[in-house]
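One letter stands for each residue in the lines below.
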Amino acid sequence: MTELSDREAELVSAHEQERPARRLPGPLKLGAWIVGGSLSAYSIAVVFFPVEALQHRMTFLAVALPLVFLSYRSGLGPAIRRLRERRAGPPDTAAPRDAEATVETVPTGRDAPATVPAGRGTSATGPVAVGGEPPVGGRARVEWPSVGDWLLAAASLAVLVYPLLGIDAFRDRGSGAALSELDVVAGLVLTVLLLEAVRRTVGWSLTLICAFFLAYAYFGAYLPINWTIGHRGFDLDQIVSQLYTGTEGFFGVPLQVAASYIILFTIYGAVLDFSGASKFFIDLSFAAFRKSRAAPGRTVTTAGFLLGTVSGSGVATTVSLGSVAWPVLRRAGYPKEPAGGILAAGGIGAILSPPTLGAAAFIIAEYLRVSYLEVLVYATIPTILYYLGIFLAIEIDSRRFNTHAVAVDAPRAGRLLLRFGYHFSSLILIVVLMALDRSAFQSVVIATAIAFALSFLDPAHRMGPGRIGQALAKGTLEVLPVTAVCAAAGIIVGVITQTGLGLNLSSIIVDLAAGNLVLTTVMSAVAVLLLGLAVPVTASFIIAAVIIAPALTALGVSPAEAYMFVFYYAVLSEVSPPTALSAVAASAITGGNTYKTMMMTWRYTLPAFLVPFAFVLTPNGQALLGQGPITVVLLMAAVSAVAVAALAMATGGLSGPVERLLATVAAVLLLFLEPVPIAAGCTVLAVAAAVHLFRRRSVSA
């Protein structure tokens, strides 16, 4: 996984929400890697030699933002060319208008080319590099940044270095609302630059949302006074002061998370990758399950979980895994759509799973002011239930599709563990160090150092100076889109804080639901899923956390339960129809029907959609987050596991309609996590099992 193949890079670019970076020419690429590596080294140094918060975040963004403009193209070139063509009139020949009009085929595992399904980031005929420029060999073509890119990079450096030259005086001017004209101009320029950076990295959706919030802050005074969302209005000085001079706007919690947690974990993932951990995780997964007919599906799911600790991206994990696992699933007898569902479910599961989780989990730790270890505890039982649901569904499908074991050329699991099992040590060490009251920052840096040292046990993956530099640079370059998103999300958070919009919208949600917690929770889930269709997971979580989470807490839900509920639904937007990016990428690999692959993915991930309702709506739901007496936690986890089994029975293809209905009712009752509903749910599930056994015997007879 250290180097994606051309086809894999093409699929990630086509289906990932974050846009692909341009390929820089040699000298500039080397310069970008040196700057990126330096920023990674600075981020590591700050862990042991802390820097004041505002200064640290400004410094981080002062390096990252220029790299964004040099690494990501504007995407305006094709539009300008088309405008010129229209003005010049129709061409004289019948040649194709654009390279992107050409059908792009990707060979499937059956040796027959299949057109890549259309989805976000694709055309109807195949993948198109975002910005309209066709991929070359599956990757963006090598190109120099334009003059405009250099000017934007220089402007971003100037407006971020400017306050650093006199940080104390700058902060005092902001707190005293006495900004100079230069302060206001610099703040406005930075606002425009961040909007452009977000447009380049993740598209127009988040850019327009940020622009809407800016307009709301400025023009809100013109809204009718009797409207709940109306406010007194703010002028440019006040808006710039809120966003630019403190830690409530651009340099708020989201950017702090990007500049500390996320970059340190991307560096760690890069070191793991370069040290050979990715290959080991795949080999171990294929070696662990060899003989049963459900083994291929279980293997893919396990490999997805392990690879996710390195990748951190649902789509990237799905694609990297699919290129290896789809031939195995096909040989085992899996149809294209169920195979794609397994790939997508395994890919997205890593973002929900300890010990690395996704970027939004780090933001939870900051918002709740708890240790990252506490967030890992919150996620442990839901993760177990998530993978239990997938494994049970795979077990059912192995009988439904009559799959069989596949011989895989891989070393024995025991031999692999003895030779390369040390790759697990750094993952375990992160948790152990945090349990010993080390900060998450120090824990991941120490684990990174251990992973680096252990790389010398494998001659093929020893990390010499060259690999160290590549890993450090990769850590920074992979965090650039997240940095742009987090800094721009500061616009939304800052405006909501300044105008009081969050509390107003929360009260609107509660009023629409008539104060009913169940209805509020359902509305919140739908809102987060819809938001996730337009913006990346991190941005959708940040927006929902400041608007929707307060609506839940206003009705008695604890902050931990509210934030974790929002977190799960923000992540699940990647496997939710009608877009389901991971499922679309999986269908491109298998050549299956995109919609059917989405629905199969939804079936495999169903427990992740329903379990969050349990820890929000029920008094004992906090036990699923590991909160409360250990006996209650274990009992509620066991009951939830039975509920997940009932869901697998309800969605599986081996049961009749009566059993499915009964199993669905049983699962809902069990997820209430109260004595009477639990007893009723167990009774209904027993009846469903009896009906199923009776029907099978009747059919056999």
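Quick notes on the rules
- Residues numbered from 1 in each chain as written.
- Predicted model: local features only at pLDDT ≥ 70, side-chain atom pairs only at ≥ 80, totals over all residues.
- Heavy atoms only, no water.
- Helix = DSSP H or I, 4+ residues; strand = E, 2+ residues; numbered from the N terminus.
- Contact = heavy atoms within 4.5 Å.
- Axes fitted to C-alpha atoms, helices over the stretch in contact; angles between N-to-C directions.
- Parallel < 35°, antiparallel > 145°, perpendicular 65-115°, else oblique.
- Left-handed = near helix turned anticlockwise from the far one by under 90°.
- Nonpolar A, V, L, I, M, F, W, Y, C, P; charged D, E, K, R; others polar.
- Core = buried A, V, L, I, M, F, W, Y, C linked by side-chain atoms within 4.5 Å.
- Buried < 20%, exposed > 50% of the residue type's maximum accessible area, 1.4 Å probe, protein only.
- Expected span 1.5 Å × (residues − 1).
- Phe/Tyr/Trp six-rings, centres within 6.5 Å; stacked < 30°, edge-to-face > 60°.
- Patch = residues over 30% accessible without salt bridge, like charges linked within 9 Å, V, L, I, M, F, W, Y side chains within 5 Å.
- Areas by Shrake-Rupley, 256 points an atom, 1.4 Å probe, with all protein chains shown as cover.
- Salt bridge = Lys/Arg side-chain N within 4 Å of Asp/Glu carboxyl O.
- 1 Å grid on protein atoms, 1.4 Å probe; cavity = no way out; pocket = protein on both sides within 12 Å on 5 of 7 lines; lining within 4 Å.
- Points joined across faces, edges and corners; volume = space filled by probe spheres on them.

**Q** Looking at this structure, how should I read the overall build of the protein?
**A** Helices and strands together make up the secondary structure of the protein, namely 30 helices and four strands. Of the contacts formed within the protein by residues at least 6 apart in sequence, a portion of 77% connects residues at least 24 apart.

**Q** Is there a simple way to think about the packing of helix H21 (residues 501–512) against helix H22 (residues 517–534) in this case?
**A** Between two packed helices, what matters for the description is the angle formed by their axes and the separation of those axes. Contact pair H21 / H22: the axes reach a minimum separation of 8 Å and the direction vectors enclose 125 degrees. Taken together, H21 and H22 sit at an angle that is classed as oblique. Helix-helix and strand crossings are classified by hand; for H21 and H22 the assignment is right-handed. Residues Ile509, Val510 and Leu512 of H21 lie in contact with H22, whose contacting residues are Leu519, Thr520 and Met523. Grouping the constituent residues of the contact of H21 with H22 by class yields five nonpolar, one polar and no charged.

**Q** Can you walk me through the side chain of Thr601 in this structure?
**A** Within the secondary structure, Thr601 is located in helix H26 (residues 594–604). When neighbours within four sequence positions are excluded, Thr601 is seen to be in contact with Gly340, Gly341, Ala344, Ala345, Val575 and Ala583.

**Q** I'm lost on the nonpolar core in this one. Help?
**A** Nonpolar side chains in soluble globular proteins tend to end up buried together. Within the largest apolar cluster, 204 residues are counted, with the highest numbers of intra-cluster contacts made by Leu206, Phe251, Tyr372, Phe541 and Phe567. When near neighbours in sequence (up to four residues on either side) are disregarded, Phe541 contacts Ala360, Ile363, Ile364, Tyr563, Val566, Phe567 and Ala570. Ranked by size, the runner-up nonpolar core spans eleven residues in total, among them Leu606, Ala667, Val684 and Leu685.

**Q** Please clarify how helix H11 (residues 277–288) should be interpreted in this entry.
**A** What sets the pattern is the α-helix's 3.6 residues per turn: residues three or four places apart point alike. Counted at 1.5 Å a residue, the expected span for H11 with its twelve residues is 16 Å, and the 16 Å between its end C-alpha atoms agrees. Across the twelve residues of H11, ten count as buried, placing the element largely inside the fold. By the burial criterion, the buried members of H11 are Ala277, Ser278, Phe280, Phe281, Ile282, Asp283, Leu284, Ser285, Phe286 and Ala287.

**Q** Quick question: what am I supposed to make of the packing of aromatic side chains here?
**A** Think of a pair of aromatic rings as described by two things: how far the centres are apart, and how the planes are tilted against each other in angle. With the rule as written, the count across this model stands at 28 aromatic pairs. Each ring, one from Tyr261 and one from Tyr372, has its centre 6.2 Å from the other, and the planes form 50 degrees; the classification is tilted. Here Tyr261 is found in helix H10 (residues 253–274), whereas its partner Tyr372 is found in helix H16 (residues 372–400), with 111 residues between them in sequence. For the pair formed by Tyr261 and Tyr372, the shared burial category is buried. Residues Phe280 and Phe281 carry aromatic rings whose centres are separated by 5.7 Å and whose planes lie at 50 degrees to one another, so their mutual orientation is tilted. Note on accessibility: Phe280 and Phe281 belong to one class, buried.

**Q** In this structure, what is going on with a nonpolar patch on the surface? I would like to understand it.
**A** Residues Leu188, Tyr218, Phe219, Tyr222 and Leu236 make up a contiguous nonpolar surface patch of roughly 530 Å² in combined accessible area. On the secondary structure map, Leu236 appears in helix H9 (residues 236–244).

**Q** What is the right way to look at the layout of surface pockets in this model?
**A** A volume near 510 Å³ is recorded for the second largest pocket. If you trace the second largest pocket, you find 23 residues lining it, with Val253, Tyr367, Val493, Val546 and Tyr563 closest to the centre. Broken down by secondary-structure element, the contributors of at least two residues to the lining of the second largest pocket are H10, helix H15 (359–368), helix H20 (465–499), H21, helix H23 (537–553) and helix H24 (559–572). No other element matches H23, which puts five residues into the lining of the second largest pocket. Here the residues of the lining of the second largest pocket are counted per class, giving 13 nonpolar, six polar and four charged.

Shape descriptors only; they carry no functional weight alone.
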